[in-house]
2 protein chains.
Amino acid sequence: MFHVKQLKKGCDKMIYLDNAATSFPKPEEVYKAVDECFRVFGANPGRSGHKLALQAGRAIFNTREVICELFNIDNPMQIIFTSNATDSLNLAIKGILKKGDHVITSSMEHNSVLRPIKTLEEKGIENTIIKCDENGFIDVTEVEKSIRNNTRLIVMTHASNVTGTIMPIEEVGKIAKKYGVFFLVDAAQTAGVYDIDVKKMNIDLLAFPGHKGLMGPQGTGGLYIREGLNLKQMKEGGTGSKSESLLQPEIIPDKFESGTPNTPGIVGLGAGIKFILDKGIENIRKHEEELTDYMLKKLAEIKKVKVYGPQDAKKQASVISLNIGDLDSSEVSYALDQVFNIAVRSGLHCAPLAHKTIGTFEQGTVRFSIGYFNTKEDIDKAVEAIRKICKKTY
Amino acid sequence: MFHVKQLKKGCDKMIYLDNAATSFPKPEEVYKAVDECFRVFGANPGRSGHKLALQAGRAIFNTREVICELFNIDNPMQIIFTSNATDSLNLAIKGILKKGDHVITSSMEHNSVLRPIKTLEEKGIENTIIKCDENGFIDVTEVEKSIRNNTRLIVMTHASNVTGTIMPIEEVGKIAKKYGVFFLVDAAQTAGVYDIDVKKMNIDLLAFPGHKGLMGPQGTGGLYIREGLNLKQMKEGGTGSKSESLLQPEIIPDKFESGTPNTPGIVGLGAGIKFILDKGIENIRKHEEELTDYMLKKLAEIKKVKVYGPQDAKKQASVISLNIGDLDSSEVSYALDQVFNIAVRSGLHCAPLAHKTIGTFEQGTVRFSIGYFNTKEDIDKAVEAIRKICKKTY
C-alpha cells in the first residue's frame, strides 16, 4: 500500500504512455486542419448547395479517399463515419445479426464487442466466445470448429487492448470466407500502425476509431462495409438525400449517416491519415516495435515485474500490460502519475474476459501504450520509475 | 430558368445565412477552447486516472454544468452527450417506445423525428401526426384529442426548421403532464436562442444539437433525460465504469455514452454556451428577432416574393422561407451563392410533411436563417439580391 504522503511533485514534462486510450499529442497538421475547417469552411456538408457547404462536403470525401488508400478499399462511399469504434461495432453487429443467428468471437475482445453480443442474447442471437490462451493467442482451429449452420458473423479484434496480442486476422478471414460467414474486424488498436487490407484479409466489415493510431480527433470513427452487404441502420433522420421520403434512404453512406456529421473532426482525421501515409505506415510501426522491444527487454530485467501477453514486439501491438508483485494496479498507476508524471491506464481496460484469460481479473494491469511520438528516453524514464516503485525508493 | 452564363464572380465577402443548418462562424472562444483541449489535455476522459484524463473529464463535466444552467436542469449527470440532435432524438424515441405504444407528433417535424417514428411502425408502435395549419401552427386541442390509452410519448419541435414557426411547447407540456404522457422536445432550432426551462415546460426529454444555436462544434449534441425516467440504450460498449461486467451499466450518463466521447467538441460546446450565458440569451434573441423583423418587412415590399410561415418575428425563430414566383428554389439559391455570394439552403429541408403543410412540396423553399453574427447590412444585401433576382437584373 502506498502512502499519499510519500508522493512528491511530479517531473515537469509529462510522459504520455496511454496511446491505446487515445493518441496524444496529434500531429501539428491535425490541429491545423481542424482549426482551418472550423474557421474557414465550417458549414454543414451535404445539406445546402452553397460554396462553403460544398467545400465541407469535399473535405469529408477527401477523408473517405485516404481511408480507402490505407485499407485498400475501392469505393469511398462504403466508408461510414461514426463517433467512435464502439459506435461502428454496434452498427456492424446489430446491423447484420438477426434472431436465430450465431456469432463467434474471442475472450480477448473489448466490451464494445462483448456487451452488444451479450445484449443480443435477449433477441435470440446465440454466441460462442472462444477462450484464448494465457498470452491472449487464439487457436484458429477452434474458430473453424465453432462454426454452426446458423453462424452469420465472426467478430475479432486485430490486437488486444490489454496485452497487445496480435490475432491471426488473415487466417480467420480465410475460414470466414470458406464457410460463407461474415467477418468483422475491430481495428481499435491497429488502424494506422499495422497493415490492414480488407481484400487480402477477407474483411467484410472493418471498425476503426479515428482518434487512436489514425491520429485524428476524438469524436471520430468509421465502419467499412463491403459493397453489396446490406446492414440495418441504427438511426434514421435527415441525410440531405431523398428528403421527400419519410423512410430512411437506402443510398450508402447516407443510410447510416443521419444528422450533421463531425466535419472538423473528419477533416482532422483526414489530416492524421495523410500524415501516416506521408511518414509510411511501416516506419511508424517500426518505431513503435523498436520501443516496445526495448521496453520489454528492460522490464525482463526487473524481477518483481510480471509482464502479460506475448512479450515479443513482433507478436504484439505497442501495448504492455504488467503488474508489480501483488500491488494493486491502480496504486501503481497513481504513483506513476503523481510522482513520476507518467500517464498510463490501470484496471480492467473494459475487457473483463481478457483479464480472466490472462489471470488478472482481480488485480487488473498497469498498461503502458506507446505511440509514434514516444521516444527511447520516455521508455527509460518509465522503466526507471517502475524500478523505483519496485524498490519503494521514491 | 437561369442561365449559368449570366453568373458573374461573387462578391468578396460571403454572407452566411444558413445558420439553421449549422451556425457559422463560431465565437473565437469556441475555436480557442477546442484547440487548447486538443493540444493541452487531449487525453481520454473517464478511462484512465492520470492528470490529463482527469482534466479532460472535468472539462466535460463543466459543459454538463453550463447546459444545466441554460435549461434549468438540476443534475448534470442527466445530460447525455450525443453526436448530433438526430442521435439524441433516435435515442429518446427508440429508448422509450415499446411495442403497442402510441406516439403523437406534428406535421412540422424534421425527418430526424418522422423517420424514426415511421420506422417504429414495423415494431407495432402506432403514431398520430397532427396536421398543422398553412403557417405551421398546431391546434393544441388536437394534441389532447389525439391521446389514447396507449399513448406514451408526444414529440414536438420547439420551432420549425422550415418556417421558423414557434410551437406552444409549454401548453403541450401541460397536456402531457395531465395525461401522464412523456414529452420530448426537439430544440434543434431554438436551443441557445429561446428560453427553455425543462421544469416549467414539463419537458421529460430534451434533444438539442451542439453546433447550431449553442455555437459549439459539429459532432456534438445532447439529450436531457428527466431523473427517474429509464430509457433503453442504443449502444453498448466501454464506459470506463463497471468494466468487470459484460452487461451495460445502468449508471447514467455512462449507460448511454459508450466509447470515447468527442472531448474537444464537448469542450468547444461548453465555450459556446458560456458565450451565450455571458452575452445573455435574451440579447441574442433580441438581435435575431430584430433582424428577422427587419427582413420580413423588407420582403413584404417585394411583390414577387412569397414568404411562408407566421411572418411575425415574435412567432417564429430566425428562419425565413420564401419563393420567388414559380422559380425553382434551387435555382434561386444557386444564383444567391454564385452571383451574390450569399449562402442559404433550398429544397425540402429534410421535413417533407412541413412542405406538404405549407404547400411547397414540389417547389421547396429558399431558406434564409439568421444567426447572432449576422448584421443589418447582411440583410440589406440579401434583400437587394432577392430584388435583383426578381427583376433578373444581375
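Here, the structure is the one placed above.
The structure presented is a predicted model; accordingly, all values stated were derived computationally and were not measured.

Things to note about helix α7 (residues 263-279) of chain A
Residues and elements named next belong to chain A.
Thinking step 1. Relative to the 24 Å expected for 17 residues at 1.5 Å per residue, α7 spans 24 Å between its end C-alpha atoms, a close match to the ideal helical length.
Thinking step 2. A large share of α7 lies buried, amounting to 13 of its 17 residues.
Thinking step 3. Capping the start of α7, asparagine 262 holds a side-chain oxygen 3.0 Å from the backbone nitrogen of glycine 265, two or three residues further along.
Thinking step 4. Just downstream of α7, glycine 280 is the residue with a positive phi angle, here 95°.

Concerning the pattern of salt bridges
Oppositely charged side chains may form a pair once their charged atoms are brought near each other.
Thinking step 1. On inspection of all chains with the given rule, the structure shows 42 salt bridges over all chains.
Thinking step 2. When salt bridges that share partners are traced, they join Glu28 of chain A together with Asp35 and Arg39 of chain B into one network.

Some words on a positive patch on the surface
Thinking step 1. There is a patch of like positive charges on the surface, built from Lys123 and Lys232 of chain A together with Lys123 and Lys232 of chain B.
Thinking step 2. Its location among the elements puts lysine 232 of chain B in the loop between β8 (221-225) and α7 (263-279).

Describing the packing of helix α2 (residues 51-71) of chain A against α7 of chain A
Residues and elements named next belong to chain A.
Thinking step 1. Put simply, α2 and α7 touch, their axes get as near as 9 Å, and they point 35° apart. Of the two possible hands of crossing, α2 and α7 adopt the one that is left-handed. Across the interface between the two elements, Ala56, Ala59, Ile60, Thr63, Val66, Ile67, Glu69 and Leu70 from α2 touch Thr263, Ile266, Val267, Leu269, Gly270, Ile273, Lys274, Ile276 and Leu277 from α7.
Thinking step 2. In the contact of α2 with α7, the residues fall into 12 nonpolar, three polar and two charged.

Quick word on the sheet that holds strand β10 (residues 319-324) of chain B
Residue and element names in this part refer to chain B.
Thinking step 1. Strand order in the open sheet formed by four strands is β9-β10-β13-β12, with antiparallel pairing between adjacent strands. With one partner strand each, in any of the chains shown, β9 (305-307) and β12 (345-347) form the two edges of the open sheet. The average angle at which neighbouring strand axes cross in this sheet is 30°, direction not considered.
Thinking step 2. In terms of strand pairing, β12 meets strand β13 (residues 365-369) through three bridges, oriented antiparallel. The residue bridging arginine 345 from the neighbouring strand is arginine 367, located in β13.
Thinking step 3. This element, helix α11 (residues 376-391), spans β9, β10 and β13 of the sheet and lies at about 15° to β10.

What counts, and where the lines are drawn
Residues numbered from 1 in each chain as written. Chains lettered and ligands numbered in written order. Predicted model: local features only at pLDDT ≥ 70, side-chain atom pairs only at ≥ 80, totals over all residues. Heavy atoms only, no water. Helix = DSSP H or I, 4+ residues; strand = E, 2+ residues; numbered from the N terminus. Expected span 1.5 Å × (residues − 1). Buried < 20%, exposed > 50% of the residue type's maximum accessible area, 1.4 Å probe, protein only. Polar contact = N/O pair within 3.5 Å; in protein donor to acceptor, adjacent residues only side chain to side chain. Salt bridge = Lys/Arg side-chain N within 4 Å of Asp/Glu carboxyl O. Patch = residues over 30% accessible without salt bridge, like charges linked within 9 Å, V, L, I, M, F, W, Y side chains within 5 Å. Areas by Shrake-Rupley, 256 points an atom, 1.4 Å probe, with all protein chains shown as cover. Lys, Arg positive; Asp, Glu negative; His and termini not counted. Charge placed at Lys NZ, Arg CZ, Asp CG, Glu CD. Axes fitted to C-alpha atoms, helices over the stretch in contact; angles between N-to-C directions. Left-handed = near helix turned anticlockwise from the far one by under 90°. Contact = heavy atoms within 4.5 Å. Nonpolar A, V, L, I, M, F, W, Y, C, P; charged D, E, K, R; others polar. Pairing = 2+ DSSP bridges.

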